[in-house]
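# Survey of secondary and tertiary structure
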Amino acid sequence: MSVNQAITLPTRRDVVGPKSKVRTDIQALRALAVGAVVLNHLWPDRLPGGYVGVDIFFVISGFLITRHLVGELTKRGRVHFAAFYARRMRRLLPAALLVGALGLAGTWLFMPYSRWADAAGEGIAAAFYGENWLLAAKSVDYSASHETATVVQHYWSLSVEEQFYVVWPLLLAGAFAAALWRRKNPLRFLTIAMSVVFAASLIFSIIYTVTNPNEAYFVTTTRAWEFAAGGLIALGTVAFLDTKASQRRSPSKLVQNRMQLLAGIGLIAVLVTLFVYNQETTFPGAMALIPVVGTGLIIWTGSVLGSSAIPFSGFRPFQFVGDVSYSLYLWHWPLIVLAVPFLGRELGNVDKWIIAAISLALAFLSKRYIEDPGRTKLYKGRRSAVSLLAGFAAMLLVTALALGMVLSAGRVEGAEAQKLANLAQQPCYGASSLLPNANCPDKYGSPDVLNIGKAQSPYFAVSGCRSATDQIVVQDVSFLQDCDYSGGDKNAKTVWYVGDSHAEHWKVAFFDLARKQKWHVRLSLAGGCSLADVKRIAFMDAPRLDSASQERCLQWSQQVSDKILKQKPDYVVTSTFSVKETIDDGTGRDQLAQYKDTVERRQAKWAQNGTRVIVIRDPPLTLGKSTPGCVIQKKGDSLACATDRSKALVADPTAKAALDLGSGNLKVMDLSDQFCDAKQCHAVIGGIFVYFDNNHLSKNYVESLEPIFDERLLGLMNSK
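Residues numbered from 1 in each chain as written. Predicted model: local features only at pLDDT ≥ 70, side-chain atom pairs only at ≥ 80, totals over all residues. Heavy atoms only, no water.

### Comments concerning the overall build of the protein chain
- Helix and strand content of the protein chain: 27 helices and 16 strands.
- Taking 27 Å as the expected radius of gyration for a compact globule of 720 residues, we find that the protein chain reaches 30 Å, a close match to that expectation.
- Considered along the principal axes of its C-alpha atoms, the protein chain spans approximately 95 × 50 × 45 Å.
- Counting the 720 residues in the protein chain, one finds 53% classified as buried.
- Restricting the contact set of the protein chain to residue pairs at least 6 apart, pairs at least 24 apart contribute 80%.
- Carbon and sulfur atoms make up 59% of the accessible area of the protein chain, which totals about 31200 Å².
- The averaged location of the 58 negative side-chain charges in the protein chain is 12 Å from the averaged location of its 75 positive side-chain charges. (Helix = DSSP H or I, 4+ residues; strand = E, 2+ residues; numbered from the N terminus. Rg over C-alpha atoms; globule rule 2.2 N^0.38 Å. Buried < 20%, exposed > 50% of the residue type's maximum accessible area, 1.4 Å probe, protein only. Contact = heavy atoms within 4.5 Å. Areas by Shrake-Rupley, 256 points an atom, 1.4 Å probe, with all protein chains shown as cover. Lys, Arg positive; Asp, Glu negative; His and termini not counted. Charge placed at Lys NZ, Arg CZ, Asp CG, Glu CD.)

Printed below as a string of structure tokens:
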């Protein structure tokens, strides 16, 4: 059986129709996809499901690349891998690396040094098309605020596509060779191989999206089935058009009507997801089937008819946007991210329309002077190895820029840390400015250091701690450490320090006190978990319905509670972000009522067992306003980032429950007066940032609080 007998690939004229040079329906789909993504990034509330535009691109890529590779296999019996990868690099790298490099340079110029290292790391990952795996490892929520996003975060989808381009030729060439070796129909082997990828990836995507939603959004394995869907459509097109060509006849009127109906259904399916899906939709998983199938129907019907089955898809503006879609996708995101620090304020609608217009203009210029020349003229007539080497050299140049940012950030951070250390000796530094005898007239004024780096992060390893022998283990992770500062004193007090990341940000003050008091501390912290004995269904107002996350919190809190009841320590100090950790006991009552019951079953029982329990009331909410990012954007105008006390200082359900229960051994430590005056809660106090990010305290502000922290905690421990 010869190769040409096995598959006869239809010509370009067969596929796109006798009068057409391009697939207008595919160009229109590209325009829809990139338009949806851009609008979602600019106005997420108006087009909440715009992120499915990425999935439309994946299906299109699967269709076009599969059709191209099958054509090469049919014609030559093999794939010229070097030439294929060289073409991809010439087509994709020039624009991607230019935009990435300019985005990093913009970060260097307009963003604080605390953002440089993250941007540089992601810049390197983006240059080598591994951004999606880096974001998955960081468990980034893609719908999170632009304040924490880097200029290359959107390269995650380009990374997925490039990984597809690497693997797909190998898969098709292997299946094709196996078919010829077995003397079987290559089209059937290709279809089987692609169907296996489709089914395996889809099943994995459905399961992993439920259990690990943030990681699932980025990893290639949850998206491979979307490329395979496009590939299966391409194979079906090959078989169908080969049959049609042999019969020498055009589709009947009935077939045309049916194709138009199917295309209409596909378009409606895609449009519905754009408006109905949102950040709470479990995605990709099974929910991605609707836009993928909708896109597939449009591509399939256009292939059958030889022209677009969607009316108005040839509309010139649609075709223009589709033509520049790659560059438009590249440019729009760094402009959005850099606009806020550049302007020094949040973006208004006029700003967003200007960004959209500039993105479109840059996309046109990029397409004309970078993409097209790169594809058609760059290293024309040279061996494929030249393109590949040049591409890798360009990647290394971007890497060098990123490494320069990292080194520069290290130098600036060291200088700023020294400046903070010098300021710490001043009487009006941080919380010291709030002391009754302090004469500090501008205690809520501009920060003395307009930037803080990761040195002010609440996340750090505590010295003197080791893994406990009676370990708390949840999902193969250990959650208990022993920190013995007793110096061998058998009468030393035992203090359990438990909670989530909001216990973490008090660590620097608590452990300095523990060393001075020579306590034996048992440390158990689980980020994002309250101590409630019922399910946590949301965190920071975003749903957290995955079973693995819920079980992690429930198992951890249960083991902590059991050990405290059994060991009867002298004290337990606890702090949790229960203000934004939504629980559900099935009663439908408000959070204060539900938390009161769970505190009664947990913390109150510890207290009744003879342990003195101190709940640290949560600091005021920043409401996305009293953050370092806001102060930096406002060029140091910290009062513009203060929040109303009534809005920021909402009830902490755990602390309120502890107060309401009125147990002699269950106390609440409230430091709200160290953050708020009578009207407002502040972003800057005593010349330093109060917060590290949008909800955690900065390490240096907590250090400045140590005298009052020590006084109040010891007072509650020793009170009768």
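### Describing the sheet that holds strand β1 (residues 465-467)
- Overall, mixed pairing links the 7 strands, which are arranged β1-β4-β6-β5-β9-β11-β13 in an open sheet. Pairing within the sheet leaves two strands with one partner each, and these edge strands are β1 and β13 (666-669). Strand-to-strand twist of the sheet, defined as the mean angle between neighbouring strand axes without regard to direction, takes the value 25°.
- The pairing of strand β4 (residues 481-484) with strand β6 (residues 520-525) spans 4 bridges and is antiparallel. Counterpart to D484 in the pairing with β6 is H520.
- On the sheet, helix α19 (residues 507-517) packs against β1, β4, β5 (494-499), β6 and β9 (571-575) and is oriented at approximately 160° with respect to β6. (Pairing = 2+ DSSP bridges. Axes fitted to C-alpha atoms, helices over the stretch in contact; angles between N-to-C directions.)

### Describing a nonpolar patch on the surface
- Residues F320, L360, F364, L365 and Y369 make up a contiguous nonpolar surface patch of roughly 450 Å² in combined accessible area.
- In terms of residues, the nonpolar patch owes the most to one element, helix α16 (residues 349-376), which gives 4 residues.
- Tracing the backbone through its elements, the reader meets L365 in helix α16.
- A residue is classified by how much of its surface remains accessible, and L365, at 42% relative accessible area, is partly exposed. (Patch = residues over 30% accessible without salt bridge, like charges linked within 9 Å, V, L, I, M, F, W, Y side chains within 5 Å. Salt bridge = Lys/Arg side-chain N within 4 Å of Asp/Glu carboxyl O.)

### A short note on empty space enclosed by the protein
- Enumeration according to the criterion identifies 3 cavities of 30 Å³ or more in this entry.
- Roughly 70 Å³ of volume is contained in the largest cavity.
- What lines the largest cavity is simply A96, L97, G100, A101, L104, G123, A126, A127, Y129, V152, Y155 and V398.
- For the lining of the largest cavity, the secondary-structure elements that each account for two or more residues are α5 (81-110) and α6 (116-127). (1 Å grid on protein atoms, 1.4 Å probe; cavity = no way out; pocket = protein on both sides within 12 Å on 5 of 7 lines; lining within 4 Å. Points joined across faces, edges and corners; volume = space filled by probe spheres on them.)

### A short note on the nonpolar core
- Among the nonpolar cores identified, the biggest contains 108 residues, and Y155, W156, W168, I299 and L330 are the most heavily contacted of them.
- Discounting chain neighbours no more than four positions away, the residues touching W168 are I65, T66, L69, M194, V197, F227 and A228.
- Judged by nonpolar contacts, the second largest core, of 49 residues, contains L420, C681, L705 and F709. (Core = buried A, V, L, I, M, F, W, Y, C linked by side-chain atoms within 4.5 Å.)

### Observations regarding helix α15 (residues 325-343)
- Counted at 1.5 Å a residue, the expected span for α15 with its 19 residues is 27 Å, and the 27 Å between its end C-alpha atoms agrees.
- When the local axis directions of α15 are compared, the greatest deviation, roughly 25°, occurs at V337, which is followed within four positions by the proline P341.
- For α15, the tally of buried residues reaches 16 of 19 residues, placing the bulk of the element in the interior. (Expected span 1.5 Å × (residues − 1). Bend = angle between axes of the 7 residues up to and from the residue.)

### Things to note about the pairing of β13
- With burial as the criterion, each face of β13 is covered, one bearing L666 and V668 and the other bearing K667 and M669.
- As paired elements, strand β11 (residues 612-616) and β13 share 4 bridges and run parallel to each other. Counterpart to I614 in the pairing with β13 is K667.

### A few points about the side chain of Q603
- With respect to the element layout, Q603 can be found in helix α22 (residues 603-608).
- Once you skip the residues sitting within four places of it in the chain, Q603 turns out to touch L531, T598, V613, T654 and L666.

### A word on the state of the cysteines
- Overall, the coordinates contain 5 disulfides when judged by the stated rule.
- Here C529 is linked by a disulfide to C553, with a sulfur-sulfur distance of 2.0 Å. In this structure the cystine formed by C529 and C553 twists about its S-S bond by roughly -75°; its chirality is therefore left-handed. A residue pair is termed long-range when its members are at least 10 positions apart, and C529 in the loop between β6 and β7 (535-539) and C553 in helix α20 (residues 547-567) qualify at 24 residues.
- Residue class for C553 comes out buried when judged on its relative accessible area of 5%.
- Residue C630 pairs covalently with C641 via a disulfide, S to S 2.0 Å. Disulfide C630-C641: torsion about the S-S bond near -90°, hence left-handed. Placement of the pair is C630 in helix α23 (residues 628-633) and C641 in the loop between α23 and β12 (643-644), with a sequence separation of 11 residues. With respect to burial, C630 and C641 carry one shared label: buried. (Disulfide = S-S within 2.5 Å.)

### Quick word on helix α8 (residues 155-182)
- Compared with an ideal rise of 1.5 Å per residue, which puts 28 residues at 40 Å, α8 spans 41 Å between its outermost C-alpha atoms and is within 8% of the ideal.
- Considering bend angle alone, the principal kink of α8 is centred on V167 and spans about 30°; proline P169 follows within four residues of it.
- Looking at the residues trailing α8, positive phi occurs at R183, about 55°.

### Observations concerning the sheet that holds β7
- The 3 strands are arranged β8-β7-β10 in an open sheet whose pairing can be described as antiparallel. Edge positions in the sheet fall to β8 (542-543) and β10 (581-584), since each of these pairs with one other strand and no more.
- Both β7 and β8 contribute to a ladder of 2 bridges, which runs antiparallel. Looking at β8, one finds that A538 is bridged to P543.

### Here we look at the packing of aromatic side chains
- Inspection of every chain in the model, using the stated rule, returns 29 aromatic pairs.
- Ring geometry for W43 and W353: centres 4.8 Å apart, planes at 50°, overall tilted. With W43 in the loop between α3 (24-42) and α4 (53-76) and W353 in helix α16, this residue pair connects regions lying 310 residues apart in the sequence.
- The exposed category is assigned to W353, whose relative accessible area is 54%.
- Between W156 and Y217 the ring centres are 5.2 Å apart and the planes differ by 50°, which places this aromatic pair in the tilted class. Here Y217 lies in helix α10 (residues 213-218) and W156 lies in helix α8, a separation of 61 residues in the sequence. (Phe/Tyr/Trp six-rings, centres within 6.5 Å; stacked < 30°, edge-to-face > 60°.)

### Concerning the packing of α5 against helix α17 (residues 384-423)
- The contact between α5 and α17 brings their axes to 9 Å, and the two run at 20°. Considering their axes alone, α5 and α17 lie roughly parallel with respect to each other. Seen along the crossing, α5 lies across α17 with a hand that is left-handed.
- Looking at side-chain class alone, the contact of α5 with α17 contains 18 nonpolar, 6 polar and 1 charged residues. (Parallel < 35°, antiparallel > 145°, perpendicular 65-115°, else oblique. Left-handed = near helix turned anticlockwise from the far one by under 90°. Nonpolar A, V, L, I, M, F, W, Y, C, P; charged D, E, K, R; others polar.)

### So, the pattern of salt bridges
- A full pass over the atoms with the stated rule returns 21 salt bridges.
- For the salt bridge of D512 with R515, the shortest nitrogen-to-oxygen distance reads 3.2 Å. With D512 and R515 both in helix α19 and 3 residues apart, this pair spans about one turn of that helix.
- Take D512: its relative accessible area is 27%, and that puts it in the partly exposed class.
- Among the ionic pairs, D533 bridges to R601, the shortest N-O distance being 2.6 Å. Taken as a pair, D533 in the loop between β6 and β7 and R601 in helix α21 (residues 591-601) lie far apart in primary sequence, 68 residues in all.
- A relative accessible area of 36% means that R601 is categorised as partly exposed.
- In this structure, a network of salt bridges that share partners links the residues D470, D482, R522 and K563.

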